[in-house]
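Geometric and topological summary
The primary structure of each chain is shown beneath.
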Amino acid sequence: MTTNTSDGLKAIVADPAGAVIGLDFDGTLSPIVPDPAAARIHPGGAEVLARLGRLVGAVVIVTGRPAATAVEYGSLADVPGLVVLGHYGLERWEAGALAAPPVHPGLDLARTELVPLAAGIEGIRIEDKERSVAVHTRQAADPWATLDALREPVTALAAAAGLAVEPGKFVLELRPPGMDKGVALSAFLHERAARSVLFAGDDLGDLAAFAAVRASGLPGVTVFSGSPEIEVEADVVVNGPPGVLEFLTSIADAVEGGA
């Protein structure tokens with residue numbers, strides 16, 4: 001179990017070289033927008049992460065997006081030491097190099113069957129991420145009702161294709177099983193011999209990472225990038241991406257002040 005929030009923050013500030021700062025991308029560093037392709041990091045976000053990257057042991061972004069997309073949309077290529085774990089940890093971007101496994105064969109079936117499944121439902125958007133495929137209902141007349149109506153057939157399709165379903169804010173994502181943000185974060189903490197950890201996220205897919213923080217045995221902090229769409233239990237709740245970046249800035253200020 002993690003210690004309390006104060007102890008977690010104190011550990012990060014007192015021993016920044018041992019700290020891992022983990023972050024989701026959409027809804028945490030980037031505001032949620034109707035078209036996922038239009039998402040960009042909140043202004044000043046890249047500078048905040050670059051500053052942190054020079055101060056702590058590691059900054060890692062764990063996202064459902066392709067890793068290279070998060071780097072591009074976040075203008076993050078120059079953040080010192082940054083690691084991006086894309087597709088919930090299946091991909092890894094580091095120092096300009098991308099490592100990824102083969103594409104899951106079940107995604108071909110998912111792509112083929114999702115089109116007729118979503119046909120005739122106004123406002124549905126299918127997003128092909130190459131290693132996963134997502135059905136968005138945010139632009140439907142009734143996003144929640146549409147999401148609920150799609151949940152059973154999408155789950156059945158995932159089972160037939162050998163895929164897992166990742167639910168989120170007005171989205172159902174079909175992706176390869178066996179990896180989630182908690183598994184990815186836990187492995188990274190072990191790799192870096194972390195002595196403290198913070199993870200910030202905003203959606204259901206981030207709950208596994210929050211659980212990994214609590215199960216790590218390290219002084220840790222979970223940060224929820226709040227929104228009116230869901231409620232998540234976390235040590236700290238902030239107001240969306242601006243609040244996340246303000247909180248990270250306060251940590252950088254404290255580290256520099258104690259140096």
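The name given to the protein chain in an unreviewed UniProt entry is Trehalose 6-phosphate phosphatase, and the organism recorded there is Streptosporangium oxazolinicum. The UniProt entry for the protein chain carries the following text under Cofactor (unreviewed entry): "Mg(2+)". Under the Function (unreviewed entry) heading, UniProt states for the protein chain: "Removes the phosphate from trehalose 6-phosphate to produce free trehalose."

**Points about the pattern of salt bridges**
Scanning all chains against the criterion turns up 18 salt bridges. The residue Glu 256 makes a salt bridge to Arg 51 at a minimum N-O spacing of 2.6 Å. You can see Glu 256 sitting in helix H8 (residues 240-258) and its partner Arg 51 sitting in helix H2 (residues 45-53), a full 205 residues away along the chain. Of the charged contacts in the structure, one is a salt bridge between Glu 94 and Arg 192, with a shortest N-O distance of 3.3 Å. Of this pair, Glu 94 sits in strand S4 (residues 91-94) while Arg 192 sits in the loop between helix H6 (181-191) and strand S10 (196-201), and the two are 98 residues apart along the sequence. With a relative accessible area of 29%, Arg 192 lands in the partly exposed category. Through salt bridges with shared partners, one network takes in Arg 92, Glu 94, Glu 191 and Arg 192.

**A closer look at the side chain of Arg 175**
Checked against the element boundaries, Arg 175 lands in strand S9 (residues 171-175). Here Arg 175 falls in the buried class, since its relative accessible area comes to 7%. Polar side-chain contacts of Arg 175 include one of 2.5 Å to the side chain of Glu 166. Residues contacting Arg 175, with those up to four places away along its chain left out, are Tyr 88, Arg 131, Ser 132, Leu 163, Ala 164, Glu 166 and Asp 180.

**Some remarks on helix H5 (residues 143-161)**
Owing to its 3.6 residues per turn, the α-helix brings residues three or four apart onto one side. Taking 1.5 Å of rise per residue, 19 residues should cover 27 Å, and H5 covers 25 Å from first to last C-alpha, within 8% of that figure. By the burial criterion, the buried members of H5 are Pro 143, Thr 146, Leu 147, Leu 150, Val 154, Leu 157, Ala 158 and Ala 161. Each element contacted by the buried residues of H5 is listed here: helix H4 (106-118), strand S7 (133-136), strand S8 (164-168) and S9. In the segment just after H5, Gly 162 is the residue with positive phi, at about 75 degrees.

**Overview of the sheet that holds S10**
Pairing within the open sheet is mixed, and its 8 strands lie in the order S5-S4-S3-S2-S1-S10-S11-S12. Bordering the open sheet on either side are strand S5 (97-99) and strand S12 (236-238), each of which pairs with just one other strand. Across the sheet, the mean angle separating the axes of adjacent strands is 20 degrees when strand polarity is ignored. When strand S1 (residues 19-23) meets S10, the two strands line up parallel, connected through 5 bridges. Bridged to Val 20 within S10 is Val 197. Where H2 meets the sheet, its contacts fall on S1 and strand S2 (58-62), and the angle it forms with S2 comes to roughly 135 degrees. Contacts from H8 reach S1, S10, strand S11 (220-225) and S12 within the one sheet, and its direction differs from that of S12 by about 125 degrees.

About the criteria used
Residues numbered from 1 in each chain as written. Predicted model: local features only at pLDDT ≥ 70, side-chain atom pairs only at ≥ 80, totals over all residues. Heavy atoms only, no water. UniProt positions renumbered as here; feature names shortened; annotations may be inferred. Salt bridge = Lys/Arg side-chain N within 4 Å of Asp/Glu carboxyl O. Helix = DSSP H or I, 4+ residues; strand = E, 2+ residues; numbered from the N terminus. Buried < 20%, exposed > 50% of the residue type's maximum accessible area, 1.4 Å probe, protein only. Polar contact = N/O pair within 3.5 Å; in protein donor to acceptor, adjacent residues only side chain to side chain. Contact = heavy atoms within 4.5 Å. Expected span 1.5 Å × (residues − 1). Pairing = 2+ DSSP bridges. Axes fitted to C-alpha atoms, helices over the stretch in contact; angles between N-to-C directions.

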